[in-house]
Each structure stands twice: as C-alpha cells, then as structure tokens.
Amino acid sequence: MSEIRQDRTNGEWVIIAPSRGERPHARVLADAKTPRLAIDPLCPFCPGNEDQLPAIIDEYSSPEAPGWHTRVIPNKFPVLSTARQVPSDRLQSGYGNHEVIIETPRHDIDFADMSADCSEAVVRTWHHRFGAALAIPGIEAVMLFRNRGNLAGASLGHAHSQIVALPFVPPRLRSTLDWEYAHFQTSGKCVVCEETERELESGKRVIECTERYAILTPFAAQRPYEQWIVPRRHTPSFAMANADDLAALSDTLQNALARLRNAKGELSYNLVLEPGSLDSEFAPAAHWSLRVVPHLTNPGGFELGTGMVINPSSPERDALHLAQSWG
Ligand SMILES: [Zn+2]
Ligand SMILES: [Zn+2]
Ligand SMILES: [Zn+2]
C-alpha cells in the first residue's frame, strides 16, 4: 500500500510506494538490444497475453479499422489506488487512481510511427480517461504522462502512457497555477497566451506554428531539445479541448516526435501534460499545454541540492535544429 508523506523538515511531498520496486525492469534492457517484433510473446501489453493484465477497463476502436486501437488497464503496481469510499485520510491511505493506456496492439512502434487514425485514438483516449479521472470523488488533480525508453523510467518497451489521479494538487502544479493566477491579477492577462504571442513575434524559439498550436522551445527550457506544445486558443484545462483540438494535437505531437528523432536519433523521452485547471476561479489564468522532454542530461548534485536545473544547451539553437529536422 502507498502512502503520501510530507517531509517535516522542508514541506516536500513524497509518494512512498514500495510495490513499485517489483516492476519488470529486466525487459527494458533486453528490449534495447534485440530487434523488435510486431508482437512480443513475452510482453503483457501485446495481444494474446490478456491473462497477464490485471483487468481491462476500456477499449477504443475506430470505425476505419477492426480490433482495438487503445486499451485502458489499471496499473499493476499502482502509485495510488481508490477505495470504495473516499477515506478520511486520503494521504495516509494512498488514495487516488493509476491507469495505464496501451496505445497500440503493435509492440514495435512508437507514437510517431502510428497511422493518423491510430495516434488520434490515443489522444482521444487520453482526453476521455483524463475527464473520467477528474470525476473520481476526492480527486483534486490528474497528471498524464508518458515514459519512453529506460532512461525516461519506462519499465516496458510497448508504447503506453499513464494517468495518475491525486487527492491533492501537487506542488509543481500548485505553484504554476498560483503564478498564473498572480499574473492575471496584476495584468489582466493569461501568462501563457502572453508568452506564446511574444515568442511567435520574436520567432527565436519557434519550431512550428499551426492553426491550433505553437511548438516552441521554452525561453527557459529545462532540458536540451525540450518542445513545448501550446494551444493558441486560451483553454484553461485539457478537459476543455474539443474534438478538433485533439485531432490537431495528435498530428502536432507526431511531428514533434518525428523531428526529435530526426535531430537526435532514438532516445528516451517523457511527455508531460500541464493539465491546467477546471476551477472557475482559475479559468482566465490557467492554460494547459504539453511538454516533450528528451533525456539528454542527467540531473546531478547541484540540481538535487538547489532544485534548479542546468540546461547545457541553447534553446534558440535547439529550436533551429528541430525546425530544420523535418522529414
Ligand atoms: Zn508488447
Ligand atoms: Zn490503431
Ligand atoms: Zn491563455
């Protein structure tokens, strides 16, 4: 069972989840060396191995293709889990929810390799499960992320993403929302809309700009080759993205990942959804977005000590390289 603990000496939150240590690590290392099969008989996420799944919560198909496109399962080693009722102490009981989205029946492809139809099914599944997680009683924030490659923390090679529903607003999201709120109070503007406009005007860190999304390297990028996908229309929460936004996101993200691969080769990366907020108080101030964060550096002692990141690259140079790494 998990517990959410706060360090009494500095206020930082930690999820203590001993069962996570039992996850299948050996497979990833093997995956990196051996040629990948379309279906791996040893992979629990591959078709035919359903008996290894804890359950199947939902399956999404498309009218254009038979069979399933995406599958939603409970995480076998959940960080947090739900009780029938909201427990009186949500932190100590490790209350929450943890789902895995198997993004494709194919073992050998990543998001960038999927047909447009299949990648769109993934984004629609994210949106659907994100909304479902927000609706769980006692849940205050939902984090959606994707780990690809063993350096990014993926314990399985099969393309998948995860959704964790938390009984509190985690510190990074809390401080982002507070920052955005304070900016709105003083300027009457959404800080993300303002930043996007400024970046599109300057053009120094613009990788691509489509009808619905700006793809930028952040002015203060934390990692080399980080890509920030920002909706150009002010949208406070990912839950409020409409069908056209989702279709365009699928396309935009495929392009972003293909560019990263063209520029730097196969590498580990994370996708992190900045979820924004559905709270009406934050509606004019919060603005969801998506970050593609490649693993080209490892945080060292300075980072651990200061909580401040050293990015050994130049966001301007990275943006240029990514913009030129097309096709
Ligand atoms: Zn597989
Ligand atoms: Zn599909
Ligand atoms: Zn905005």
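What you see is a predicted model; the values in this text were computed from it and never measured. (Residues numbered from 1 in each chain as written. Chains lettered and ligands numbered in written order. Predicted model: local features only at pLDDT ≥ 70, side-chain atom pairs only at ≥ 80, totals over all residues. Heavy atoms only, no water.)

### What about the coordination of the zinc ion (ligand 2)?
Turning to step 1, where the next piece is worked out: Distances from the zinc ion (ligand 2) to its protein donors, His69 (ND1) and Cys118 (SG), fall at 2.2 to 2.4 Å. In this pair, His69 sits in strand β4 (residues 65-74) while Cys118 sits in helix α2 (residues 116-134), placing the two residues 49 residues apart along the sequence.
Turning to step 2, where the next piece is worked out: Among the residues examined, Cys118 registers a relative accessible area of 23% and is labelled partly exposed. (Donors = N, O, S within 2.8 Å, 3.2 Å for Na, K, Ca; no water. Helix = DSSP H or I, 4+ residues; strand = E, 2+ residues; numbered from the N terminus. Buried < 20%, exposed > 50% of the residue type's maximum accessible area, 1.4 Å probe, protein only.)

### Some details on helix α3 (residues 171-187)
Turning to step 1, where the next piece is worked out: Helix length check: α3, at 17 residues, gives a terminal C-alpha distance of 24 Å against a target of 24 Å (1.5 Å per residue), a fit within 8%.
Turning to step 2, where the next piece is worked out: Within α3, the full set of buried residues consists of Leu173, Leu177, Glu180 and His183. Take α3 and look down its axis: the buried residues cluster within an arc of 125 degrees, on one side only. Structural note: α3 exposes Trp179, Gln185 and Thr186 on the side pointing more than 90 degrees away from its buried face.
Turning to step 3, where the next piece is worked out: Looking at the buried residues of α3, the elements they touch are β6 (141-148) and α4 (191-202). (Expected span 1.5 Å × (residues − 1). Arc of directions from axis to C-beta. Contact = heavy atoms within 4.5 Å.)

### A look at the pattern of salt bridges
Turning to step 1, where the next piece is worked out: Across all of its chains, the model carries 25 salt bridges by this definition.
Turning to step 2, where the next piece is worked out: Here Asp245 and Arg212 are joined by a salt bridge, their closest N and O atoms 2.8 Å apart. With Asp245 in helix α5 (residues 243-264) and Arg212 in the loop between β8 (206-209) and β9 (213-216), this residue pair connects regions lying 33 residues apart in the sequence.
Turning to step 3, where the next piece is worked out: In this structure Asp245 comes out as buried when scored by relative accessible area, which is 6%.
Turning to step 4, where the next piece is worked out: By relative accessible area, which is 23% here, Arg212 ends up partly exposed.
Turning to step 5, where the next piece is worked out: A salt bridge links Glu274 to Arg291; the nearest nitrogen and oxygen atoms lie 2.6 Å apart. Here the residue Glu274 occupies a position in strand β11 (residues 269-274), and Arg291 occupies one in strand β12 (residues 289-294), the gap between them amounting to 17 residues. For the pair formed by Glu274 and Arg291, the shared burial category is buried.
Turning to step 6, where the next piece is worked out: Among the ionic contacts, a cluster of salt bridges with common partners joins Glu103, Asp110, Arg146 and Arg148. (Salt bridge = Lys/Arg side-chain N within 4 Å of Asp/Glu carboxyl O.)

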